[in-house]
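Read off the chains here:
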Amino acid sequence: MEFQNKPIENLANKKLFIFDMDGTIYLGSRVFDYAIRFIKNLRASGREVMFFTNNASRSVSTYVDRLNRMGFETCREEIMSSADVTAAYLKKHYAGKRVYLLGNSDLYGYMKEQGVLLAGENEDNVDVVVSSFDTEMTYQKVTAACRYLLKGAVFLSTHPDFVCPTESLPIPDSGAICAMLTAATGKTPKYLGKPYAETVEMIELVKGYDRSEMCIFGDRLYTDIALGAHNGMCAVLVMSGETVEEDLGGLAPEDAPEYIFPSLDEVDRAIFGE
Ligand SMILES: [Mg+2]
């Protein structure tokens, strides 16, 4: 792919810098020291930083603790996940409706806290099925979700990722679980999280910036980069995670990032100097 980064000033002038986590600021348990340095430099220069993950299987407080242990010195206000976007979406469009959640206990607790009316496995009908990265999935839960879908419940999913990276091989994630539900019911979900418009809209609302003042850094093309590319926000691809050179060849212009860097190390040096 013939690729030319835009002038670095376009990126340096942004006000809110949004980071994907795995593959971008760390890889598994390996923390990228340069990511800590870049984020420090951004904050010291008055720019704002935020972390956004599609992984709704862990609570935000889990991420705060994890990132702090890694040295990122963050707080609740800097972290958002697809669970936040989904809860906001449910409140806006399905307030007071009964929701069956195919998700683990962290997500269940969070949705309950947000006032979502959660249904059990043996109800006659529910209004909405929300499927997620359910690491505590059972055949019984899947069957309940399918039964509600076949009876006409709206089908939502927190995020479309097919796999979640781990120390060794990737493991099945939300998109793969949805594929199973689709195979069994013929229904397809409306996905939230990255790369969908609801996520950019929520960040604008919560942070008070226009999308033209924000940029996203990530390693996954169909979520991180598409979030920017499809929603009028600057997207920066780093090659420190999932994407390899060969993936870039067939990339359509509407799916392409505005910048590609080997890692955040080079972004930091381009903006702040050596
Ligand atoms: Mg990633």
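Conventions adopted
Residues numbered from 1 in each chain as written. Predicted model: local features only at pLDDT ≥ 70, side-chain atom pairs only at ≥ 80, totals over all residues. Heavy atoms only, no water. Donors = N, O, S within 2.8 Å, 3.2 Å for Na, K, Ca; no water. Pairing = 2+ DSSP bridges. Helix = DSSP H or I, 4+ residues; strand = E, 2+ residues; numbered from the N terminus. Contact = heavy atoms within 4.5 Å. Axes fitted to C-alpha atoms, helices over the stretch in contact; angles between N-to-C directions. Buried < 20%, exposed > 50% of the residue type's maximum accessible area, 1.4 Å probe, protein only. Right-handed = clockwise from strand over helix to strand, strands pointing away.

Draft legend 1. Just the coordination of the magnesium ion, in detail. At the metal site, the magnesium ion is ligated by Asp20 (OD), Asp22 (O) and Asp219 (OD), and these contacts range over 2.1 to 2.2 Å. Ordering the donors of the magnesium ion by residue number gives the pattern D-x1-D-x196-D.

Draft legend 2. Broad picture of the sheet that holds strand β8 (residues 128–131). Strand order in this open sheet of five strands is β7-β6-β8-β9-β12, and the pairing throughout is parallel. What marks the edges here is a single partner per strand, and that holds for β7 (117–118) and β12 (190–191). Pairing between strand β6 (residues 98–102) and β8: four bridges, direction parallel. From the neighbouring strand, Leu102 faces β8, where its bridge partner is Ser131. On top of the sheet, helix α4 (residues 82–93) reaches β6, β8, β9 (154–157) and β12; it is set at about 175° to β8, its chief contact.

Draft legend 3. Geometry of the pairing of strand β13 (residues 214–218). Extensive coverage of β13 is indicated by the burial of five of its five residues. Going residue by residue along β13, you find Met214, Ile216 and Gly218 tucked away on one face and Cys215 and Phe217 tucked away on the opposite face as well. In this sheet, β13 lies alongside strand β1 (residues 16–19) in parallel orientation, the contact comprising four bridges. When the bridges of β13 are listed, Phe19 appears paired with Phe217. Once the chain exits β13 it traverses helix α9 (residues 221–229) before rejoining the sheet at strand β14 (residues 234–238), and the crossover so formed is right-handed.

Structural measurements only, silent on function.
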